[in-house]
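Below, each chain spelled out in residue letters.
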Amino acid sequence: MKELIGYCGLDCETCEARIAIINDDNELRTKVSKLWSERMI
């Protein structure tokens with residue numbers, strides 16, 4: 001497994017936000033943004 005750690009500290013290879021961008025998956029983008037927004041509160 002390739003290790004790619006982003007500036008944010010997350011493993012880019014398993015990051016759902018990155019995967020959504022790469023696959024142009026708007027449903028996953030929405031899911032991730034909602035989840036991350038809830039965690040920030």
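Our subject is the structure listed above.
Here the structure is a predicted model, which means the values were calculated and not measured.

Criteria and cut-off values
Residue positions are given per chain, counted from 1 along the sequence in the order it is written. The predicted origin of the model limits local features to residues at a pLDDT of at least 70 and limits the giving and counting of side-chain atom pairs to 80 or more, whereas totals for whole chains, interfaces and linings rest on all residues. Values reported for side chains reflect all heavy atoms of the structure, with hydrogen atoms and water molecules removed beforehand. Strands here are runs of E lasting at least two residues and helices are runs of H or I lasting at least four, both read from the DSSP assignment and numbered beginning at the N terminus. The buried label applies to any residue whose accessible area, calculated with a 1.4 Å probe on protein chains only, is under 20% of its type's maximum; exposed applies above 50%, and partly exposed to all values in between. Asp and Glu are treated as the negative residues and Lys and Arg as the positive ones, with His and the ends of the chain left uncounted. Just so you know, the charge point we use is NZ for Lys, CZ for Arg, CG for Asp and CD for Glu.

Asks: Explain the overall build of the protein chain to me, using residue names and the numbers behind them.
Replies: Looking only at helices and strands, the protein chain features two helices and zero strands. Counting every position in the protein chain, which comprises 41 residues, the buried fraction comes to 17%. Here the protein chain contributes 6 positive and 8 negative side-chain charges, whose respective centroids are spaced 2 Å apart.

Asks: Give a description of unusual backbone geometry that names residues and reports values.
Replies: The residue Asp 24 is not glycine, and still its phi comes out positive at about 50°. The residue Asp 24 is located in the loop between helix H1 (16-22) and helix H2 (26-39) in this model. Exposure remark for Asp 24: the relative accessible area of 55% places this residue in the exposed category.

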